[in-house]
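Each chain is listed here by its residues.
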Amino acid sequence: MSIPQSFLQELLARVDVVDVVGRYVQLKKGGANFMGLCPFHGEKSPSFSVSPAKQFYHCFGCGKNGNAISFLMEHTGMGFIEAVNDLAGQVGMVVPQEDISPQERERQAAAKLKQATLNDVLERAGVAYRAQLKAAPHAVQYLKDRGVSGAISSKYGLGYAPAGWRNLASVFPEYDDPQLHESGLVIVGEDDKRYDRFRDRIMFPIRDVKGLCIGFGGRVLGDEKPKYLNSPETPLFHKGRELYGLFEARDALRSMGYALVTEGYMDVVALAQLGFPNAVATLGTACTADHVQKLFRFTDSVVFSFDGDSAGRRAAHKALEAALPYASDTRSIKFLFLPAEHDPDSFIRAHGSDAFARQVSNALPLNQFLIEAASAECDLGQAQGRAKLSSQARPLWNLLPDGAFKRLVLGELAQKIQIDTRELSELWAQAEAQEKRFQRGGSKPAAAPSHENPPPYASVPPDWVGEFAPSHSAPYTDRWSNNSGNSGGGNTRGDWKRNNKFSRFKEQRPPMSTGPRVAPSTAPDQATRILLSQMKFMERLDNDDLDTLVNQPPPHGPLFAWIESEFQDHGPQAWAVLKERVTQTPHAALALHLMSGPHGHPEGEEEEQFQELRNILAPMMAERIGNLATEALKTYMANPLDQAAKAQYQALIERRNRLLAAPTAPGN
């Protein structure tokens, strides 16, 4: 969106930079200007000056300076458009958008109004939860036992959702208000029965970079399941984009010089209590490119902290993939692995803050972890193992942005592989060229768009798109795959269906001897059967898996969403129990059909069934990632200056291609 310069000048003339900065920094009058402690670096004596006459701020310590727009961008992490919209809203101005239709302008206005209304609903709930905490001695004692002080509890706005099904009815007299359901506070069950989502839990408000409540996380006080429960996806809250504690940690990120990314909101609160207020956490999902991009708005150094067990290693690999496109020459990315028996909270309590600080200092640099990840299952003492390292390292190395760091990593990999750097570069270039020829079916790459008369989005992609194109010959604007296959470039997901258990359901299903013809099982069919018969597997799925499932087309997506809701509300249940509950829902026909068919109850050991589920989820996730990549590409084409969208597209396609290239698990 292009904003006229004349509007920006009028906006800056109508806002007061002293008021804007004063919302975040305590200012005192000092002559003609206002002075305060700089929010961009740690200092004990004020060197940060704000001039009402010049409408300008300047720090004599670190040199940061600018106007009201740049302050919001630098201090809160807002993008340019978001900062302009924020300031315009404060003074009652409407940002001109000449390039959109009246219908789109009306849609945006309605969405903005809804967001403001939902924010208000969540803020009111947060106030009620905080009041309930004061009246709940057992909840207060739980926090004290975890070492959380009243000051930290107040800073993070902790509260308590009492036991009971409809406590929020006392806060919201109109308990059937649709906004309570849209905000994720209330669940609507069968027969339109409504009840509170959060019950008997310590409540952690999740705030955006402006400090507005956009959702909640709840933790049980005992060992009930599920232990942690987040708000569902809403118009305000998207797990893959938000970081818990980022609003509270902004000042500490600058004063301490780095962000410490952990795996849970209790880690964040405990670390803040123990001297590490720069901690943030993902919200029950793997680290995403959006998370990394948001962090680098506040700091140039990020340390990912993970448990040392296999689950922690898997989470670290996903964080690695998300971080690589942002690993420029001026940024630092490290990976901290604690002993398997510790999380950050327990480690500090056992060994002290200084020992934990040393662990952070000695964390594994990005280049070393990349090599370690690429070396998985490689015998570097054998030529074949080093060749495998080369193959596994190339897609990771390709995610790095161009620069000195990328070249240095290439040299380190060449040493490990025991080959000359130039030879390795040539080998990788040949391999990529061969892959492109295979992907394009021998066709010529699309010509670069003309700068004088650029074509519309759907006709010619940017010239770099071909390097990351999906593995088929269809146009890049098409969906890459679907459940019914494709007609242009063959079955792009065939490798996933070969030599695994699932293939017998789709490709080798024996014919029915009598009765009506039965449609072949699909991947969503079999995933549904496994989860309905082994609901405990939900505990082992992360939010990327769940996002893939619930976004499947109807009728499977809504059924997966119902299964997730049942698991969150009641924990793992046997099919006999679920059968009774599902009969009262619109999902009954599909669930009962799948569970009573010829393959109704999957056979095999539990671990075999879970691995089968993983093998089914992988191609489904690849398709989902492909769809997200299409959206990222459209975003880039709408704004070619958006390098983040370009990097996100490239990262998504690399991730998708790795998913499609990976073998299925042994024995499937």
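Definitions and cut-offs
Residues numbered from 1 in each chain as written. Predicted model: local features only at pLDDT ≥ 70, side-chain atom pairs only at ≥ 80, totals over all residues. Heavy atoms only, no water. Salt bridge = Lys/Arg side-chain N within 4 Å of Asp/Glu carboxyl O. Helix = DSSP H or I, 4+ residues; strand = E, 2+ residues; numbered from the N terminus. Buried < 20%, exposed > 50% of the residue type's maximum accessible area, 1.4 Å probe, protein only. Core = buried A, V, L, I, M, F, W, Y, C linked by side-chain atoms within 4.5 Å. Contact = heavy atoms within 4.5 Å. Pairing = 2+ DSSP bridges. Axes fitted to C-alpha atoms, helices over the stretch in contact; angles between N-to-C directions. Parallel < 35°, antiparallel > 145°, perpendicular 65-115°, else oblique. Left-handed = near helix turned anticlockwise from the far one by under 90°. Nonpolar A, V, L, I, M, F, W, Y, C, P; charged D, E, K, R; others polar. Phe/Tyr/Trp six-rings, centres within 6.5 Å; stacked < 30°, edge-to-face > 60°. pLDDT = per-residue confidence, 0-100.

> For this particular structure, what's the right way to read the pattern of salt bridges?
Close approach of charged atoms allows side chains of opposite charge to pair. In the structure shown here, the tally under the stated rule is 17 salt bridges. Arg14 serves as the salt-bridge partner of Glu10, at 3.8 Å between the closest nitrogen and oxygen. On the criterion of helical spacing, the pair formed by Glu10 and Arg14 is a turn pair, its members being four residues apart in helix 1 (residues 5–14). Take Glu10: its relative accessible area is 40%, and that puts it in the partly exposed class. For Arg14, a relative accessible area of 45% corresponds to the partly exposed category.

> Looking at this structure, I do not really get the nonpolar core. What am I missing?
Here is a general trend for soluble globular proteins: nonpolar side chains tend to be buried in one another's company. Formed by 77 residues in total, the largest nonpolar core has its most connected members in Phe7, Phe48, Phe304, Phe335 and Leu413. Looking at this core element by element, the count peaks at six residues for helix 15 (residues 366–374). In this structure Leu413 touches Leu370, Ile371, Ala393, Trp397, Leu424 and Trp428, once residues within four positions along its chain are discounted. In this structure, Tyr142, Val148, Tyr156 and Leu180 belong to the second largest nonpolar core, which totals 41 residues.

> Would you mind going over the pairing of strand 14 (residues 301–306) with me for this structure?
The side chains of a regular strand alternate between the sheet's two faces. Among the six residues in strand 14, six count as buried, and that is most of the element. Of the two faces of strand 14, both are covered, the one formed by Ser301, Val303 and Ser305 as well as the one formed by Val302, Phe304 and Phe306. Pairing of strand 14 with strand 15 (residues 332–337), which is carried by six bridges, proceeds in the parallel orientation. Paired with Ser305 across the bridge in strand 15 is Leu336.

> Is there a simple way to think about unusual backbone geometry in this case?
Residues apart from glycine generally show negative phi values, whereas peptide bonds are mostly found in trans. Each neighbour pair has its own omega, and for Pro554 with Pro555 the value is 10°, a cis peptide bond. Inspection of the secondary structure puts Pro555 in the loop between helix 22 (543–550) and helix 23 (556–570). With a phi close to 50°, Gln55 is a non-glycine residue in the positive phi region. The residue Gln55 is located in the loop between strand 3 (48–51) and strand 4 (56–59) in this model. Overall, the relative accessible area of 22% leaves Gln55 in the partly exposed class.

> Even after reading the chapter, I still don't get the packing of helix 24 (residues 575–582) against helix 25 (residues 588–596), so can you show me in this structure?
Relative orientation and spacing of two packed helices are given, respectively, by the angle between their axes and the distance between those axes. Put simply, helix 24 and helix 25 touch, their axes get as near as 9 Å, and they point 150° apart. By the angle between their directions, the pair helix 24 and helix 25 is classed as roughly antiparallel. Seen from above, helix 24 lies across helix 25 with left-handed handedness. Contacts between helix 24 and helix 25 pair Trp575, Lys579 and Val582 from the former with Ala588, Ala591, Leu592 and Met595 from the latter. Split by residue class, the contact of helix 24 with helix 25 holds six nonpolar, no polar and one charged.

> Is there a simple way to think about the sheet that holds strand 11 (residues 228–230) in this case?
In any sheet, the strands associate via hydrogen bonds between backbone groups, in a parallel or an antiparallel arrangement. As summarised here, the arrangement of the four strands in space is 6-9-10-11, forming an open sheet in which the pairing is antiparallel. The sheet is open, and its two borders are formed by strand 6 (159–161) and strand 11, each paired with just one other strand. The average undirected angle you get between the axes of adjacent strands in this sheet is 35°. In this sheet, strand 11 lies alongside strand 10 (residues 213–220) in antiparallel orientation, the contact comprising three bridges. Paired with Arg219 across the two strands is Tyr228, which belongs to strand 11.

> Got a minute to help me understand the packing of aromatic side chains in this structure?
Each aromatic ring pair is summarised here by two numbers: the centre-to-centre distance and the angle between the ring planes. With the rule as written, the count across this model stands at 23 aromatic pairs. Taken together, a centroid distance of 6.2 Å and an interplanar angle of 15° make the contact between Phe304 and Phe306 stacked. Side by side, Phe304 and Phe306 carry an identical accessibility label, which is buried. Each ring, one from Phe537 and one from Phe610, has its centre 5.3 Å from the other, and the planes form 70°; the classification is edge-to-face. Of this pair, Phe537 sits in the loop between helix 21 (523–533) and helix 22 while Phe610 sits in helix 26 (residues 606–638), and the two are 73 residues apart along the sequence. The class for Phe537 is buried, based on a relative accessible area of 1%. When its relative accessible area of 6% is taken as the criterion, Phe610 is described as buried.

> Where do I start with helix 15 in this structure?
Each α-helix winds once per 3.6 residues, and so residues spaced three or four apart point in a common direction. Taking burial as the measure, the nine residues of helix 15 include seven buried ones, the bulk of the element. Those residues of helix 15 lying buried are Leu366, Asn367, Phe369, Leu370, Ile371, Ala373 and Ala374. Check the buried side of helix 15 and you find it contacts helix 12 (310–323), strand 15, strand 16 (364–365), helix 16 (383–398) and helix 17 (404–417).

> Would you take a moment to explain the confidence of the model for the chain for this structure?
Close inspection of predicted coordinates is inappropriate in any region flagged by low pLDDT. On average, residues of the chain score 81 in pLDDT, and 82% of them are at 70 or above. For residues 442–460, every residue scores under 50 in pLDDT, and the model assigns this stretch 20 contacts once sequence neighbours within four places are set aside. Counting interchain partners and residues more than four positions distant, the pLDDT-below-50 stretch residues 470–519 has 92 contacts.

> Would you mind going over the pairing of strand 3 with me for this structure?
Here strand 3 shows two buried faces, one formed by Phe48 and Val50 and the other by Ser49 and Ser51. Examined bridge by bridge, strand 2 (residues 33–36) and strand 3 share three bridges and lie antiparallel to one another. If you follow Gly36 over to strand 3, its bridge partner there is Phe48. Hairpin connection of strand 3 to strand 4: four residues between the antiparallel strands, including Gln55 at a positive phi of 50°.

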